[in-house]
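Observations on chain architecture
Residue-level listing of the chains:
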Amino acid sequence: MTTSVNAPLSARGKLASALPAEQLAEITELFALRRTGYSLDAPFYTDPTIFKLDMEAIFGQHWIFAGSVAELPEPGDYITVDYGPYSLIVLRTDEGDVNVLHNVCRHRGARVLTEAAGSTGNLVCGYHSWTYSPEGNLIHASAPGEAKFDKNCFALKRAHSREVAGLIFVCIADVPPADFDETAKIFEPYLAPHDLSKTKIAYQQNIIEEGNWKLVMENNRECYHCDGHPELACSLFPTWGLTEGLVPAHLEEVWDRNKEAQSSLEERCRRYGLPYEVVEELDTRIAGIRISRESLDGEGESFSADGRRLSKKLLGDLRDFRLGRCSMHLQPNSWFHFLGDHVITFGVFPINEHQSLVRTTWLVADDAEEGVDYDLEKLTYTWKQTNLQDKAFVELCQQGAASPAYEPGPYMKSEYQVEAFINWYVKRVQEHLA
């Protein structure tokens, strides 16, 4: 069931109100004329004004995946998260909470923290040394007496944060969408047994893709292209997204093997009390989600060529490595794979209308020792290769969307999740423009 976002009017349509009436009418019509079952028109991927609208209506209003607790294990640890015109500081406080602060000094607007991650006590702007507490309060401004002002009026601006099952989400809207609570209730039981609070970062990869953020997400939401992922195809059944009657002849043997593996996985999940059922509400709720536990090929343990485990240490309270992958998609910017031996998180952070940062993070048990319990190259090999292949696919699409010859094409049935993502996107922006 779709609910409405109860954002205050002041948070809606700032860009729209600033646009010339004729341009606003053109953009509104473009959304209204979106052809169901077909990819989007070119301006959605190439137009700077629509990108600004995306930042306002999507990334300015909804819960965004920022990172995991493994990135902020100790008080003072922080990461900076940049997307579009925004830069946020996500910081672990002495009390163990997570603070999210806009990374914009209240003096002259300089970035306060310039590193992607680190640990700090107070937050000191490098420009004129204005100093803020971890809560964002201004506690020191140099050159006293030159100007009189109330420091209480110049704290760093704060944003909202949520920590669920070890995943950290941020929202910069004045009033975040309330239905995230319901979505969190869906995915928390699936992820909690993997216990991210007892993991550490094995590796983090940042890739800049020359493609609009929606193309990155669309590419992730289907496996129609998975013939282009030979490394991933060793463990991930290429029949993902297909149903009876849609399986091509050359995949019929794989389909049968997948069904047998899934049946065995579900039996193990029932034995251990782990949820595995598919929950799919990608475009029927504001915090759209798809989650399930799905079998892997071979030994069914991990993303390796033979399906065997890539780390010797089980995560959390798990009792078996043969748990396939717990796969979760969240709108608008993330997807995840939770396995018995490690976890991979993916976040997409738009840079501009034709560039996106894709951040991939591999997490292992906090007592796993590199070289003893896992080989880093083997742990990361499949998804490093897959990410590079996906980067190339996205960039081919971006190049095509920029061509005058481009026109939207029809989605195949196995691309239904792509359409669900686009449905979600179009509806959210239209709500914002209303």
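Scroll up a little and you will see the structure.
As the structure is a computational prediction, the values presented were derived from the model and not from experiment.

**Focus: the packing of aromatic side chains**
Taken as a whole and assessed by the stated rule, the structure comprises 22 aromatic pairs. With a centroid separation of 6.0 Å and an interplanar angle of 75 degrees, the aromatic rings of Trp213 and Tyr425 are classed as edge-to-face. With Trp213 in helix H6 (residues 213–220) and Tyr425 in helix H9 (residues 416–433), this pair connects stretches of sequence that are 212 residues apart. Both rings, one in Trp335 and one in Phe346, keep their centres 5.1 Å apart while their planes meet at 15 degrees; by these two values the pair is stacked. You can see Trp335 sitting in strand E15 (residues 334–338) and its partner Phe346 sitting in strand E16 (residues 343–352), a full 11 residues away along the chain. A single burial state applies to Trp335 and to Phe346, both of which are buried. Three or more aromatic residues joined by ring pairs form one cluster here, namely Phe31, Phe44, Phe59, Tyr83, Tyr86, Trp213, Phe421 and Tyr425. Over the aromatic face of Tyr38 sits the side chain of Arg35, whose NZ or CZ is 3.7 Å from the ring centroid. Taking NZ or CZ as reference, Arg271 lies 5.5 Å from the ring centre of Tyr272, over its face.

**Some points on empty space enclosed by the protein**
Enumeration according to the criterion identifies 4 cavities of 30 Å³ or more in this entry. Here the largest cavity defines a volume of roughly 270 Å³. Taken together, 22 residues line the largest cavity, and the ones lying closest to its centre are Asn219, Asn220, Glu222, Trp383 and Asp390. Of all the elements in the fold, those that place two or more residues in the lining of the largest cavity are H6, strand E14 (325–330), E15 and helix H8 (376–401). Looking at the lining of the largest cavity, the element that brings in the most residues is H8, giving 4 residues. A breakdown of the residues in the lining of the largest cavity according to their chemical character gives 10 nonpolar, 8 polar and 4 charged.

**A look at a negative patch on the surface**
Negative charge collects at one region of the surface, where Asp94, Glu95, Asp97 and Glu135 lie side by side. With respect to the helices, strands and loops of the structure, Glu135 is situated in the loop between strand E7 (131–132) and strand E8 (138–140).

**Thoughts on the state of the cysteines**
Under the counting rule described, the total for this entry stands at 1 disulfide. A sulfur-sulfur separation of 1.8 Å characterises the disulfide bridge that pairs Cys223 with Cys226. As the torsion about the S-S bond is roughly -105 degrees, the Cys223-Cys226 disulfide counts as left-handed. Owing to a relative accessible area of 9%, Cys223 belongs among the buried residues under this scheme. Residue Cys226 is classed as buried on the basis of its relative accessible area of 8%. Between Cys269, a cysteine without a disulfide, and Cys326, which holds the nearest cysteine sulfur, the sulfur-to-sulfur distance is 8.8 Å. The class of Cys269 is buried, set by a relative accessible area of 0%.

Cut-offs used in this document
- Residues numbered from 1 in each chain as written.
- Predicted model: local features only at pLDDT ≥ 70, side-chain atom pairs only at ≥ 80, totals over all residues.
- Heavy atoms only, no water.
- Phe/Tyr/Trp six-rings, centres within 6.5 Å; stacked < 30°, edge-to-face > 60°.
- Helix = DSSP H or I, 4+ residues; strand = E, 2+ residues; numbered from the N terminus.
- Buried < 20%, exposed > 50% of the residue type's maximum accessible area, 1.4 Å probe, protein only.
- Lys NZ or Arg CZ within 6 Å of the ring centre and 35° of its normal.
- 1 Å grid on protein atoms, 1.4 Å probe; cavity = no way out; pocket = protein on both sides within 12 Å on 5 of 7 lines; lining within 4 Å.
- Points joined across faces, edges and corners; volume = space filled by probe spheres on them.
- Nonpolar A, V, L, I, M, F, W, Y, C, P; charged D, E, K, R; others polar.
- Patch = residues over 30% accessible without salt bridge, like charges linked within 9 Å, V, L, I, M, F, W, Y side chains within 5 Å.
- Areas by Shrake-Rupley, 256 points an atom, 1.4 Å probe, with all protein chains shown as cover.
- Salt bridge = Lys/Arg side-chain N within 4 Å of Asp/Glu carboxyl O.
- Lys, Arg positive; Asp, Glu negative; His and termini not counted.
- Charge placed at Lys NZ, Arg CZ, Asp CG, Glu CD.
- Disulfide = S-S within 2.5 Å.

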